[in-house]
Amino acid sequence: DDGVWVKGRAFGQGCNGPCIFVNESTGLRLVLVVDDIMCRGSSQATDEFYAQLGNRFDCKDPSYLTEEVPLTYVGFQVRLTDRSGKRYISIDQEDDMTVYLDSIGVPQVSGVYNPMPTKWEVTACTEVLSEDEAAWYRAVVGSITYYSCATRYDVAYAISRLAQYSSRPTVGAKRALNRVLKYL
């Protein structure tokens, strides 16, 4: 008997998603993505859970969310803020997005207020990109698709339009993609 999974202390799958689990007796909630675990519950239930998990598996020490120390979880930054005695938890991908944009050489710019002001920008130049440029285009559109589905809904339409050009990306599509990157 492992202690964590005994009757009355077992985790049931949450009704909002396949990766959410709830322990009805302790109130501890877990989010599992591959091998990453995020807990929300009392300190006692959380500590007990990690202790029991550590008895069975080789795990790294858990990190705890504080105002001074945000958590990074599968590319998301989870932050705790206290405003006038009320605690707020927020989630974003700002740090991950900044690292990604830096890695593909997108400079910090200002003055781009819309990721795709018109749907015609994509079709402005129909010249097909070279194989190397097309490979870059596909990789970037694929990466930005993740962000548009996770937290950057403001670029979802633009990325959806640009993904339609993935089989034969054009110069116009690349220009439109660069605009989205500058916007981000």
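Scroll up a little and you will see the structure.
Residues numbered from 1 in each chain as written. Predicted model: local features only at pLDDT ≥ 70, side-chain atom pairs only at ≥ 80, totals over all residues. Heavy atoms only, no water.

**Q** Just give me the short version of the packing of aromatic side chains, but keep the residues and values in it.
**A** Applying the stated rule across the entire model yields four aromatic pairs. Look at F49 and Y50: their rings are 5.5 Å apart centre to centre, the planes differ by 65°, and that puts the pair in the edge-to-face class. Aromatic side chains Y100 and Y147 sit 5.9 Å apart centroid to centroid with 40° between the ring planes, which places their arrangement in the tilted category. Within this pair, whereas Y100 is found in helix α2 (residues 94-103), its partner Y147 is found in helix α3 (residues 131-150), the two being separated by 47 residues in sequence. (Phe/Tyr/Trp six-rings, centres within 6.5 Å; stacked < 30°, edge-to-face > 60°. Helix = DSSP H or I, 4+ residues; strand = E, 2+ residues; numbered from the N terminus.)

**Q** Got a sec to walk through the pattern of salt bridges? Specific residues and values, please.
**A** Under the counting rule described, the total for this entry stands at four salt bridges. R79 is the salt-bridge partner of D92, the closest N and O atoms lying 3.1 Å from each other. Residue D92 is located in strand β7 (residues 86-92), and its partner R79 is located in strand β6 (residues 76-83); the two are separated by 13 residues in the primary sequence. A salt bridge links E133 to K174, with the shortest nitrogen-to-oxygen separation between them at 3.1 Å. Taken together, the residues E133 in helix α3 and K174 in helix α5 (residues 171-183) connect sequence positions 41 residues apart. Looking at E133, the relative accessible area reads 32%, which means it is partly exposed. The network of salt bridges with common partners includes R79, D92 and D95. (Salt bridge = Lys/Arg side-chain N within 4 Å of Asp/Glu carboxyl O. Buried < 20%, exposed > 50% of the residue type's maximum accessible area, 1.4 Å probe, protein only.)

**Q** Talk me through the nonpolar core; I want residue IDs and the actual numbers.
**A** Most often, soluble globular proteins keep nonpolar side chains buried together rather than apart. Counting 26 residues, the largest nonpolar core has Y137, I144, I159, L162 and L177 as the members making the most contacts within it. For this core, the secondary structure elements donating two or more residues are α2, α3, α4 (156-163) and α5. Those residues in contact with L162 that sit more than four places away from it in its chain are M116, V122, Y137, V141, A173, A176, L177 and V180. In terms of nonpolar packing, the next biggest core, distinct from the first, is built from seven residues, F11, L28, F49 and L53 among them. (Core = buried A, V, L, I, M, F, W, Y, C linked by side-chain atoms within 4.5 Å. Contact = heavy atoms within 4.5 Å.)

**Q** Provide a residue-level description of α2, including the pertinent values.
**A** Taken as a whole, α2 has its buried residues at M97, Y100 and L101. With its buried residues spanning 95° around the axis, α2 presents them on a single face. Away from its buried face by more than 90 degrees, α2 exposes V99 and S103. For α2, the elements touching its buried residues are α3 and α5. Phi turns positive, to about 80°, at G105, one or two residues after α2. (Arc of directions from axis to C-beta.)

Just distances and angles here, no functional claims.
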